[in-house]
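Coordinate analysis (summary)
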Amino acid sequence: MISLRNVRTTDLEQLLQIENEGFSKEEAATKEAFIERLQLIPDTFIVAEKEGELLGYINGPIIHQPYITDDLFEQIKENQTKGGYQSILGLAVSKHARNQGIAKILMEKMEEVVKENDREGITLTCKQELVSFYEKLGFANHGVSESKHGGVRWYNLVKLKENMN
């Protein structure tokens, strides 16, 4: 059975392995970025695990604007308690656990957190090949992002609270 929980500092090595399986070296978060996220935003850093093994994670800080900016990949702040937009800086699933619906389960859990904390919605950036996945989850494609993170073209996707079940 897959269980969801907030991140723990003891998860760091498994998180880094999953991150590097899911993103190129240029795109992947650094160990330092993960340590900062573990310390500052554990309330919006959720992991999926089965029998002690991490299968995937989702994380991101609360931001004031509806789109992610590249500076968030460098430095974040602690989450405000209510309001704002839930950003998703990382959603990744271990190679051996893919195509089992884990990313969808993690996104649904983040939607619960959004509703509980009266957020405006969820915002993320993704590559072209993932736009349809997020659209199936109810996200609206707001076009090409200004982000230059990892030297890749990203798309802004947003799901407002009123569009969540």
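See above for the structure.
Please read these numbers as outputs of a predicted model, since none were measured by experiment.

1. Remarks on helix H3 (residues 102-116)
With 15 residues, H3 extends 21 Å between its outermost C-alpha atoms, agreeing within 8% with the 21 Å of an ideal straight helix rising 1.5 Å per residue. Backbone geometry just downstream of H3 places Asp-118 in the positive-phi region, at approximately 50 degrees.

2. A closer look at the environment of Gln-128
Locating Gln-128 in the fold gives a position in the loop between strand S7 (121-126) and helix H4 (131-136). The sequence separation of Gln-128 and Gly-60 amounts to 68 residues, and the corresponding C-alpha distance is 20 Å. Polar contacts involving the side chain of Gln-128 include one to the side chain of Tyr-155, which spans 2.8 Å.

3. Focus: the side chain of Thr-44
Among the structural elements, Thr-44 can be located in the loop between helix H2 (31-40) and strand S2 (45-50). The exposure class assigned to Thr-44 is buried, which follows from its relative accessible area of 1%. Contact partners of Thr-44, with chain neighbours within four places excluded, come to Asn-6, Ile-58, Asn-59, Gly-60, Pro-61, Ile-62, Asn-79, Gln-86, Met-110 and Val-113.

4. Re the packing of aromatic side chains
Scanning all chains against the criterion turns up five aromatic pairs. Between Phe-34 and Tyr-57, the ring centres sit 5.7 Å apart and the planes meet at 85 degrees, which makes this aromatic pair edge-to-face. Taken together, the positions of Phe-34 in helix H2 and Tyr-57 in strand S3 (residues 53-59) put the pair 23 residues apart, joining distant regions of the chain. Ring geometry for Phe-133 versus Tyr-134: centroids 4.9 Å apart, planes at 80 degrees, classification edge-to-face. On the basis of relative accessible area, Phe-133 is assigned to the partly exposed category, the value being 28%. Overall, the relative accessible area of 7% leaves Tyr-134 in the buried class. Three or more aromatic residues joined by ring pairs form one cluster here, namely Phe-34, Phe-45 and Tyr-57. Here the basic side chain of Arg-37 rests over the ring of Phe-34, its NZ or CZ set 5.6 Å away from the ring centre.

5. As for the nonpolar core
Counting 25 residues, the largest nonpolar core has Met-107 and Tyr-134 as its most contacted members. Elements supplying a minimum of two residues to this core: S2, S3, strand S6 (90-93), H3, S7, H4 and strand S9 (155-160). Residue contributions to this core peak at seven residues, all from H3. Once residues within four sequence positions are removed from consideration, Tyr-134 is found in contact with Leu-91, Met-107, Leu-124, Cys-126, Phe-139 and Leu-157. Counting 16 residues, the second-largest nonpolar core is a separate cluster that includes Ile-18, Phe-23, Ala-29 and Ala-92.

6. Thoughts on the pattern of salt bridges
Taken as a whole and judged by the stated rule, the model has eight salt bridges. Lys-109 serves as the salt-bridge partner of Glu-112, at 3.7 Å between the closest nitrogen and oxygen. Of this pair, Glu-112 and Lys-109 both sit in helix H3, three residues apart, which is roughly one turn of that helix. With a relative accessible area of 38%, Glu-112 lands in the partly exposed category. Linked by salt bridges that have partners in common, Arg-5, Asp-11 and Glu-49 make up one network.

Analysis parameters
- What you see as residue numbers is a count from 1 along each chain, following the sequence as written.
- In view of the model being predicted, local features appear only for residues whose pLDDT reaches at least 70, and side-chain atom pairs are presented and counted only at 80 or more, with totals across whole chains, interfaces and linings using the full set of residues.
- Excluded from the side-chain calculations are hydrogens and water; all other atoms, namely the structure's heavy atoms, are used.
- Helix and strand definitions follow DSSP, with helices as H or I runs of at least four residues and strands as E runs of at least two, each counted in order from the N terminus.
- Take the number of residues in a helix, subtract one, and multiply by 1.5 Å to get its expected span.
- Definition of a polar contact: a pair of N or O atoms within 3.5 Å, with one able to donate and the other able to accept a hydrogen when the atoms are protein atoms, and with sequence-neighbouring residues admitted only if both atoms are side-chain atoms.
- Under the scheme applied here, a residue whose accessible area is under 20% of the maximum for its type counts as buried, over 50% as exposed, and between as partly exposed, the area being computed with a 1.4 Å probe on protein chains only.
- Note on contacts: a residue pair is in contact if any heavy atoms of the two residues lie within 4.5 Å.
- Think of it this way: a Phe, Tyr or Trp ring, Trp meaning its six-membered ring, pairs with another when their centres are within 6.5 Å, and the plane angle makes it stacked under 30 degrees, edge-to-face over 60, tilted otherwise.
- A ring is scored as having a charge over it whenever the NZ atom of a lysine or the CZ atom of an arginine sits within 6 Å of its centre and within 35 degrees of its normal.
- Residues enter a nonpolar core if they are buried and are Ala, Val, Leu, Ile, Met, Phe, Trp, Tyr or Cys, with the set joined through side-chain atoms within 4.5 Å.
- By definition, a salt bridge exists where a carboxyl oxygen of Asp or Glu is found within 4 Å of a side-chain nitrogen of Lys or Arg.

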